[in-house]
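Next come the chains, spelled out residue by residue.
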Amino acid sequence: MCPTPPRWLAFSLLAAGLAALPFLVDAGLGRSWVRLLDLALLYAILALGLNIVVGYAGLLDLGYVAFYALGAYVYAWLSSPHFGLHLPFWAVLPLGASLAALFGVLLGAPTLRLRGDYLAIVTLGFGEIIRIFLNNLNAPVNITNGPQGINLIDPVRLGSFDLSQPHELLGYTFTSIHLTYYLFLLFTLGVIFISMRLEDSRIGRAWVAIREDEVAAAATGINTRNLKLLAFAMGATFGGLAGGLFASFQGFISPESFNLMESIMILCMIVLGGMGHIPGVIFGAVVLTLLPEALRYTGDWQRELFGRIYIDPADLRMLLFGLALVAVMLYRPAGLLPSTRRRREFADAQE
């Protein structure tokens, strides 16, 4: 059955809004906020990847940032002067995602019998091991350049089209930040499409069954071992993809970009947005990317209200951010945009 005209109209308006968004933000808030939009799309990809592991399969992963780091370092190794290799973007990005998927399986294999707190501790340790390795693999053979990181990473080039250079089209000048936004938007839409197809598939329903009751799922004939490994691999693939995009965007990476706090923030995006619900996860990623930056202006707010700064803006920013997280968990425990099923579960639990 063909979609009704109002639905097509809604999609058309959404597409037009997304296309015009970077120019509107640039005109209203400045180019730095367009860069934040790029990062928000990047975090949306990461959150959707972790949502497969945590939201669908119910496997608490606190080391997800390790796959992000692997994708970024593969891109840096193969597209920078570090090893003298400058492979094309379209060849390097799948390699980083594939390596991350392999490590996802390697992480999932020994943890198949673990759940809850125990799985969280193991994955947390895995994430820290990867970060420490990256921080120390600069001797006796310099592989990662240690804490100094890798710089001069090649930007995205598609043939003769270089995203690091401005381009004119139909009288409009598209800067590197604008072009990056459209590239990240394209990948985000692709990840959303894959996530939606997985959610509605037999695999997605099997993941939900494992999340709800693994013993009952195994009793119905679901191969819990293979499906858990598949969840780790798919989530890690999206993490590696985001890592490669991040390296091309930043032009520099170091182990400090992939610490534990990054994993915690990505997990918060899922929980606060609405675990297992794609629109909620995206909304959580956007909010938790933009909110900390908006709170950087707390010094200006104090000066306008009181004439002077009483609390250091950095401290007040994190205090308000923490209070916002606590308030959401107290008053919206199912998330800001939960699925209908999850909202009903929380409502039943409170009765």
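Because the structure is a prediction, the values reported are computed rather than measured. (Residues numbered from 1 in each chain as written. Predicted model: local features only at pLDDT ≥ 70, side-chain atom pairs only at ≥ 80, totals over all residues. Heavy atoms only, no water.)

Further remarks concern the side chain of Ser254. In this structure, Ser254 sits in the loop between β8 (252-253) and α10 (260-273). Assessed through its relative accessible area of 8%, Ser254 is described here as buried. (Helix = DSSP H or I, 4+ residues; strand = E, 2+ residues; numbered from the N terminus. Buried < 20%, exposed > 50% of the residue type's maximum accessible area, 1.4 Å probe, protein only.)

Side chains that are nonpolar tend, in soluble globular proteins, to be buried together. Grouped together as the largest cluster of nonpolar side chains are 92 residues, with contacts concentrated most on Trp207, Leu245, Ile253 and Phe258. Ranked by residue count, the leading element in this core is helix α2 (residues 31-56), at 18 residues. Ignoring any residue separated from it by four or fewer positions in sequence, one finds Leu245 in contact with Leu42, Ile45, Phe89, Leu93, Leu183, Phe184 and Phe187. (Core = buried A, V, L, I, M, F, W, Y, C linked by side-chain atoms within 4.5 Å. Contact = heavy atoms within 4.5 Å.)

Attention shifts here to the packing of α2 against helix α6 (residues 176-199). What describes two packed helices is the angle between their axes and the distance between those same axes. Running from N to C, α2 and α6 cross one another at 20 degrees; their axes reach a closest spacing of 9 Å. In terms of axis orientation, α2 runs roughly parallel to α6. The element α2 and its partner α6 pack so that their crossing is left-handed. Of the residues belonging to the contact of α2 with α6, the class tally is 17 nonpolar, four polar and four charged. (Axes fitted to C-alpha atoms, helices over the stretch in contact; angles between N-to-C directions. Parallel < 35°, antiparallel > 145°, perpendicular 65-115°, else oblique. Left-handed = near helix turned anticlockwise from the far one by under 90°. Nonpolar A, V, L, I, M, F, W, Y, C, P; charged D, E, K, R; others polar.)

What follows concerns the confidence of the model for the protein chain. If pLDDT is low for a region, its predicted coordinates should not be looked at in detail. With 97% of its residues at a pLDDT of 70 or more, the protein chain shows a mean pLDDT of 88. Here helix α14 (residues 340-350) is the element of the protein chain with the lowest mean pLDDT, 69, and helix α3 (residues 65-78) is the one with the highest, 95. (pLDDT = per-residue confidence, 0-100.)

With respect to the element layout, Met269 can be found in helix α10. Through-space distance from the C-alpha of Met269 to that of Leu325 is 10 Å; in sequence the pair is 56 residues apart. Among residues more than four places away in sequence, those in contact with Met269 are Tyr43, Ala47, Gly280, Val281, Gly284, Ala285, Leu288 and Thr289.

The final tally for this structure, using the stated rule, is six salt bridges. A salt bridge links Arg115 to Glu214, with the shortest nitrogen-to-oxygen separation between them at 3.1 Å. Taken as a pair, Arg115 in the loop between α4 (89-108) and α5 (116-136) and Glu214 in helix α8 (residues 214-219) lie far apart in primary sequence, 99 residues in all. Judged by its relative accessible area of 29%, Arg115 falls in the partly exposed class. Taking the shortest distance from any N to any O, the salt bridge between Glu212 and Arg211 comes out at 2.9 Å. (Salt bridge = Lys/Arg side-chain N within 4 Å of Asp/Glu carboxyl O.)

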